[in-house]
Amino acid sequence: MAQAFTKEMSRNIFYGGTAFFFLLFLALTFDTHLALPERDNRAALDPATERGQLIAQGKQLWEENDCIGCHTLLGEGAYFAPELGNVYTRYGNSKEAIMGFIKGRPKDGIPGRRSMPQFNLSDEELAAIAEFLQYVSEIDTANWPPNIQG
Amino acid sequence: MTFKYQSQAVAMPYFIAAIGLFVAQILFGLIIGLQYVWGDFLFPEIPFNVARMVHTNALIVWLLMGFMGAAYYLVPEESETELHMPWLATLMFWVFLVAAALTVAGYLLVPYATLAEITGNDLLPTMGREFLEQPTITKLGIVVVALAFLFNIGMTILKGRKTVVSLVLLMGLVGLAVFFLFSFFNPTNLVHDKFWWWWTVHLWVEGVWELILGAILAFVLIKVTGVDREIIEKWLYLIIAMTLITGIIGTGHHYYWIGTPEYWQWWGSVFSALEPIPFFMMTVFAFNMVNKRRRNHPNKAATLWALGTAVMAFLGAGVWGFLHTLAPVNYYTHGSQITAAHGHMAFYGAYVMINLAIISYAVPILRGREANSEKAQVVEMWAFWLMTVSIVFITLFLTGAGILQVYLQRFSDNPLSFMVVQDKIELFYWLRFVAGVGFLIGLVVYIWSFFIPGEKTAAEMPAMEAQGSERGAVEAAAG
Ligand code: HEM
Ligand code: HEM
Ligand SMILES: [Fe+2]
């Protein structure tokens, strides 16, 4: 009676439960990848197009300047500076405005205000980042963020 | 000498380096905490993002160092045999430490884009994603260290006694290495990138790391309570069963708003809402075992850390996690200060504290005594309370900031812009900074406790044996 629930039983729950739910997770992962083409705006990424190449370059610039270390992108990253997943719409669907903002950052920051570095990007690089941010804004995010302020 | 297997001593440098990096982590935490309210502090020399990656990467690396130290200490004892290759463990320590130091130097000395260029990020771009900022070669270095480590630990377990504790630890460590491999996968498609990024980040902290946590906690509890191994092992299996049953599909709580299908709002909400269960079980388990103890181990501080881990992990991961995990709530709180509040208490409660628990238990033994002097323990327990209360306040202030942020920026009829809102909630960030200074003071007290003479005084010795200390009794019999 004292042995009603044994160590072997809890071990079996562990192995069985883990295996079952991991397989279920794999199945959901598979299904997600089937559904993604409708949602992830991959048409924009076609490497055969100039836009696709620009976005790829933009994503790499995004990474190599660690923009995620201050900003969130679709709600993930750091919480020090504005969400950028929808900055394209916030800036009135204007890539020029985004490029202008990044280009215009003062080298020594703004006294007393949270500051964004001057990255000294070329016009081509700025265009790539802006194109990347437009692509992100066109991903179907189930209506997130709740409003334009991100 | 009080430790049984000579090779357990290789754990010591890992623990020392872990604490060193812990100090760096907190100093940089204070820098970014200050930059929150004093925007151009240290700008442009150390921009926020750079200091932040030092803060988070130092955290992760020191936790890994601590896990490795824990494994090198615990596995020989559990396996009742010497470590397979002690020299390899020492060598890998230096490789790991030098790689970490070079990486931090790279962060601080050159612009990140330059670091990416000189480390050949072009060849295999993996940098510039949260928590995975390390240059690709550093990541490869981590893989090498992890493989050597797993080989060493695995061989030791193979040739010795196989216990549930060491088996669960090994599964956790293998999982850690396997899921780290997803950090090398960085497709252009942002949704794919984010989807697989969580296989490293979520499946670490809410999956395999919990196995490591459970195993170390079980080990410390076996040692300090003397409770029958069978009972502890049964609990351990049940806890980690619940962890993975809820936590694997619980990954879905990160798949609500990143372009993934909407059914994740159901899968993620339901399964992650159950994730607090294993943490709750851990708390019940730890208190139960201590209440049922069959010996009074003289190391009170280690027992306190073990109990503290269970409670704070439940609060930080379980309660603060649950707070924002349901999709309709997360819609508003996603990527806000609420996330940061939870991140702090969960990381501290679960992974910082379990490391400090095993350090508290093992280091006195590695220094040749069963436990530290009363005085050293009292100081260590002060440090426990100072750090723990500080993190509670950091969490509460960030939660306050988060609630206001969510309301003003996302919920009210006239949503304000991000920067305007940040200005309005500045007070909470000042308070967080003050609590952070409290944390640093706690950390200084903690380090001080290592320098207090640790030998039991003659007056304390007989009292210890009268308490029926197992080891004391064995030694007395042997003598
Ligand atoms: C052991 C104690 C600490 C732990 C475990 C810890 C852990 C973390 C983690 C995991 C993050 C990333 C959070 C996320 O992405 O949601 C983070 C960010 C941060 N931490 Fe800490 N931290 C600790 C102490 C501190 C202290 C003492 C301060 C300063 C007062 C601090 C200030 C910050 C700040 C400002 C951020 C950046 C938040 C953002 O992204 O905007 N941390 N910390
Ligand atoms: C010890 C275990 C845990 C640790 C160390 C931890 C840590 C973290 C960290 C650092 C983040 C921020 C990630 C980022 O920067 O984007 C996060 C996010 C999150 N965590 Fe945890 N967590 C733990 C357990 C849990 C549990 C048990 C739950 C649910 C009950 C939970 C729910 C969440 C949710 C919903 C988010 C996403 C927040 C958002 O949408 O911004 N966590 N966690
Ligand atoms: Fe998670």
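Residues numbered from 1 in each chain as written. Chains lettered and ligands numbered in written order. Predicted model: local features only at pLDDT ≥ 70, side-chain atom pairs only at ≥ 80, totals over all residues. Heavy atoms only, no water.

All names here are of chain B. Protein ligation of the iron atom of ligand 1 involves His 55 (NE2) and His 344 (NE2), the donor distances falling in the range 2.0 to 2.1 Å. For the iron atom of ligand 1, the six donor atoms in the first shell make angles of 85 to 179 degrees at the metal, a pattern classed as octahedral. In this pair, His 55 sits in helix H2 (residues 48-79) while His 344 sits in helix H13 (residues 337-366), placing the two residues 289 residues apart along the sequence. By relative accessible area, His 344 is classed as partly exposed at 27%. (Donors = N, O, S within 2.8 Å, 3.2 Å for Na, K, Ca; no water. Tetrahedral: all angles 85-135°; square planar, octahedral: opposite > 155°, others 65-115°. Helix = DSSP H or I, 4+ residues; strand = E, 2+ residues; numbered from the N terminus. Buried < 20%, exposed > 50% of the residue type's maximum accessible area, 1.4 Å probe, protein only.)

Here we come to the domain arrangement of chain A. As a measure of interface size, the accessible area lost when the parts come together is often cited. Domain boundaries assigned for chain A yield domain 1 (9-39) and domain 2 (42-150). Summarising the inter-unit geometry, the C-alpha centres of domain 1 of chain A and domain 2 of chain A are found 34 Å apart. (Domains from an automatic or database assignment.)

On to the nonpolar core. Within the largest apolar cluster, 177 residues are counted, with the highest numbers of intra-cluster contacts made by Tyr72(B), Trp209(B), Ile216(B) and Met387(B). When residues in this core are grouped by element, the largest group, 23 residues, is from helix H7 (residues 190-225) of chain B. Counting contributing residues, this core receives three or more from each of domain 1 (9-39) and domain 2 (42-150) of chain A. Not counting residues up to four positions away in its chain, the partners in contact with Tyr72(B) are Gln8(B), Val10(B), Ala11(B), Tyr14(B), Leu83(B), Ala89(B), Phe149(B), Asn152(B) and Ile153(B). Within the second largest apolar cluster, 29 residues are counted, among which are Leu74(A), Leu126(A), Ile129(A) and Tyr135(A). (Core = buried A, V, L, I, M, F, W, Y, C linked by side-chain atoms within 4.5 Å. Contact = heavy atoms within 4.5 Å.)

Residue and element names in this part refer to chain B. As a structural note, the neighbourhood of ligand 2 is formed by 27 residues, with Glu 130, His 334, Gly 335, Thr 339 and His 342 the closest of them. Contacts to ligand 2 include Asn 330, whose side-chain N or O atom sits 2.8 Å from an oxygen atom. One of the side-chain nitrogen or oxygen atoms of His 334 is found 2.6 Å away from an oxygen atom of ligand 2. Of all the elements, H13 adds the most residues to the shell around ligand 2, at seven residues. Taken together, the residues of the shell around ligand 2 break down into 12 nonpolar, 12 polar and three charged. (Near = heavy atom within 4 Å. Polar contact = N/O pair within 3.5 Å; in protein donor to acceptor, adjacent residues only side chain to side chain. Nonpolar A, V, L, I, M, F, W, Y, C, P; charged D, E, K, R; others polar.)

Let us look at the packing of helix H8 (residues 229-250) of chain B against helix H10 (residues 276-291) of chain B. Residues and elements named next belong to chain B. Contact geometry of H8 with H10 gives a least axis separation of 8 Å together with a crossing angle of 165 degrees. Classified by the angle between their axes, H8 and H10 sit roughly antiparallel to one another. At the point where H8 passes H10, the crossing takes the left-handed sense. Contacts from Ile 231, Ile 232, Trp 235, Leu 238, Ile 239, Met 242, Thr 243 and Thr 246 of H8 reach H10 at Ile 277, Pro 278, Met 281, Met 282, Val 284, Phe 285, Asn 288 and Met 289. Class assignment for the residues of the contact of H8 with H10 results in 13 nonpolar, three polar and no charged. (Axes fitted to C-alpha atoms, helices over the stretch in contact; angles between N-to-C directions. Parallel < 35°, antiparallel > 145°, perpendicular 65-115°, else oblique. Left-handed = near helix turned anticlockwise from the far one by under 90°.)

Quick look at the packing of aromatic side chains now. Residues and elements named next belong to chain B. A complete count under the given rule lists 59 aromatic pairs over all chains for this structure. Taken together, a centroid distance of 5.2 Å and an interplanar angle of 55 degrees make the contact between Phe 182 and Trp 199 tilted. One end of the pair, Phe 182, is in the loop between helix H6 (164-180) and H7; the other, Trp 199, is in helix H7, with 17 residues separating them in the sequence. Where Tyr 348 meets Phe 439, the ring centres are 5.7 Å apart and the plane angle is 80 degrees; that geometry is what we call edge-to-face. (Phe/Tyr/Trp six-rings, centres within 6.5 Å; stacked < 30°, edge-to-face > 60°.)

Here H6(B) contains 17 residues, and its C-alpha end-to-end distance of 24 Å stays within 8% of the 24 Å for a straight helix at 1.5 Å per residue. Burial within H6(B) is extensive, with 13 of its 17 residues counted as buried. (Expected span 1.5 Å × (residues − 1).)

The environment of ligand 1 is made up of 28 residues, and the closest members are Tyr36(B), Arg52(B), His55(B), Glu130(B) and His344(B). Residue neighbours of ligand 1 fall on chains A and B, so the site bridges chains. Within the backbone of Tyr79(A), a nitrogen or oxygen atom sits 3.1 Å from an oxygen atom of ligand 1. Note that a nitrogen atom of ligand 1 is positioned 2.8 Å from one of the side-chain N or O atoms of His344(B).

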